[in-house]
Amino acid sequence: MGNILEVRGLCVAYGKVEAVQDVNLAVPEGSIVTVIGPNGAGKTTTLAALMGLLPARGEIRFDGRPVRRGQVEQLVAQGLALVPESRDLFGEMSIEDNLSLGAYRRGRAEAKATLDEVYALFPRLLERRAQAAGTLSGGERQMLAVGRALMGRPKLLMLDEPSLGLAPLIVRDIFRIIVKLRSLGVSVLLVEQNARAALQVADHAYVLENGRVGLEGPAAELASDPRVIESYLGLS
Ligand code: ATP
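Structure report, in brief. Since the structure is predicted, the reported quantities are computational estimates derived from the model, not experimental observations.

Let us now look at the site of the ligand. In the neighbourhood of the ligand, 13 residues make up the surrounding shell, with Asn39, Gly40, Thr44, Thr45 and Glu161 lying closest. The separation between an oxygen atom of the ligand and a polar main-chain atom of Lys43 is 2.8 Å. At 2.8 Å, a side-chain N or O of Glu161 approaches an oxygen atom of the ligand. For the ligand, the accessible surface in isolation is 630 Å², of which the surrounding protein chains cover 59%. Among the elements that make up the shell around the ligand, the one with the highest residue count is helix α1 (residues 43–50) (3 residues). Of the residues in the shell around the ligand, the class split is 4 nonpolar, 6 polar and 3 charged.

Of the volumes computed, that of the largest pocket is approximately 570 Å³. Forming the boundary of the largest pocket are 24 residues, of which Val76, Leu82, Arg105, Arg148 and Ala149 lie nearest the centre. Mapped onto the lining of the largest pocket, the elements with two or more residues apiece are α2 (72–78), β6 (80–83) and α6 (138–150). For the lining of the largest pocket, the leading source of residues is β6, giving 4 residues. Across the lining of the largest pocket, the residue classes tally to 15 nonpolar, 3 polar and 6 charged. The space that makes up the second largest pocket amounts to roughly 200 Å³. Taken together, Thr114, Glu117, Val118, Ala120, Leu121, Leu150, Arg153, Pro154, Leu181, Leu184 and Val186 form the lining of the second largest pocket. Counting residues per element, the lining of the second largest pocket draws most heavily on helix α4 (residues 108–121), at 5 residues.

Hydrogen bonds between backbone groups are what pair the strands of a sheet, and the pairing can be parallel or antiparallel. Judged by pairing direction, the sheet is antiparallel, and its 4 strands sit side by side in the order β2-β1-β4-β5 without closing on themselves. In this open sheet, the two strands that pair with only one neighbour each are β2 (17–28) and β5 (65–66). Here strand β4 (residues 57–62) runs beside β5; their pairing, made up of 2 bridges, is antiparallel. From the neighbouring strand, Arg61 faces β5, where its bridge partner is Pro66.

What follows concerns the packing of α6 against helix α7 (residues 168–183). For any two helices packed against each other, the geometry is given by the interaxial angle and the distance between the axes. With their axes 10 Å apart at the nearest point, α6 and α7 run at an angle of 15 degrees to one another. As summarised for this structure, α6 and α7 are arranged roughly parallel, according to the angle between their axes. Judged by the twist between their axes, the crossing of α6 over α7 is right-handed. Of α7, the residues touching α6 (which contributes Gly139, Gln142, Met143, Val146 and Leu150) are Ile170, Asp173, Ile174 and Leu181. When its residues are assigned to classes, the contact of α6 with α7 shows 6 nonpolar, 2 polar and 1 charged.

Turning our attention to the side chain of Ser163. Within the fold, Ser163 resides in the loop between β7 (156–160) and α7. When its relative accessible area of 9% is taken as the criterion, Ser163 is described as buried. When neighbours within four sequence positions are excluded, Ser163 is seen to be in contact with Arg87, Val171, Phe175, Glu192 and Asn194.

What counts and how
- Residues numbered from 1 in each chain as written.
- Predicted model: local features only at pLDDT ≥ 70, side-chain atom pairs only at ≥ 80, totals over all residues.
- Heavy atoms only, no water.
- Near = heavy atom within 4 Å.
- Polar contact = N/O pair within 3.5 Å; in protein donor to acceptor, adjacent residues only side chain to side chain.
- Areas by Shrake-Rupley, 256 points an atom, 1.4 Å probe, with all protein chains shown as cover.
- Helix = DSSP H or I, 4+ residues; strand = E, 2+ residues; numbered from the N terminus.
- Nonpolar A, V, L, I, M, F, W, Y, C, P; charged D, E, K, R; others polar.
- 1 Å grid on protein atoms, 1.4 Å probe; cavity = no way out; pocket = protein on both sides within 12 Å on 5 of 7 lines; lining within 4 Å.
- Points joined across faces, edges and corners; volume = space filled by probe spheres on them.
- Pairing = 2+ DSSP bridges.
- Axes fitted to C-alpha atoms, helices over the stretch in contact; angles between N-to-C directions.
- Parallel < 35°, antiparallel > 145°, perpendicular 65-115°, else oblique.
- Left-handed = near helix turned anticlockwise from the far one by under 90°.
- Contact = heavy atoms within 4.5 Å.
- Buried < 20%, exposed > 50% of the residue type's maximum accessible area, 1.4 Å probe, protein only.

Everything listed here is a matter of geometry and, on its own, says nothing about what the molecule does.
Here it is, written out as structure tokens:
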């Protein structure tokens with residue numbers, strides 16, 4: 001199988017700040033690829049560029065087609081989804097209405113079938129489906145944000161720091177779902193500061209530092225690389 005996403009020589013600048021410099025990466029179909037790195041490394045900027053939200057140089061191909069700036073609608077229709085770090089939910093609206101928004105491009109019957117699948121993945125959302133999104137716990141919000149992205153039946157799900165602010169047990173739940181998604185055929189690009197958790201679930205990993213890919217390799221290899229252990233995994 002080929003790569004669902006291919007990125008070559010990606011550069012993004014904010015004025016004089018070169019936030020992303022010459023980044024090359026690929027997501028093979030059906031795999032989990034993680035990009036780890038510290039605050040300010042350029043992870044969020046990379047995702048925004050991949051979604052066509054920022055002016056960028058270089059080549060981005062999603063599912064064989066070039067990604068150009070400002071094509072978000074088209075990319076989503078093509079099967080690309082981004083769950084931003086902010087999770088961007090509609091707080092006054094119920095869980096179910098938030099989920100339905102994720103499928104507004106699709107037919108009613110199809111959306112209903114997908115809703116059932118999302119509830120099967122996240123029984124907690126089903127239990128609380130009438131509850132306002134704004135009253136959910138951090139973990140539930142993250143589940144809802146992922147669930148909403150899945151309502152569009154993406155081929156590639158891009159997640160920006162899904163573990164941010166969540167307790168370890170909840171992080172484990174979220175990452176278990178990510179692994180399950182891979183088994184369901186969804187490819188995943190996982191941006192994380194929680195290198196330990198990300199390297200446990202990913203197939204391949206990239207370390208982003210100061211806008212550049214410092215190291216890359218199979219996730220299991222990076223997890224035992226002394227440089228990664230020292231900088232990102234600590235001694236514990
Ligand atoms: P974090 O984990 O803290 O979100 P990150 O790896 O996602 O970090 P980015 O948010 O992509 O990093 O930021 C990369 C660099 O670009 C940083 O130096 C940041 O200050 C800068 N930057 C990000 N957004 C903007 C912006 N809108 N205007 C100017 N500079 C920005």
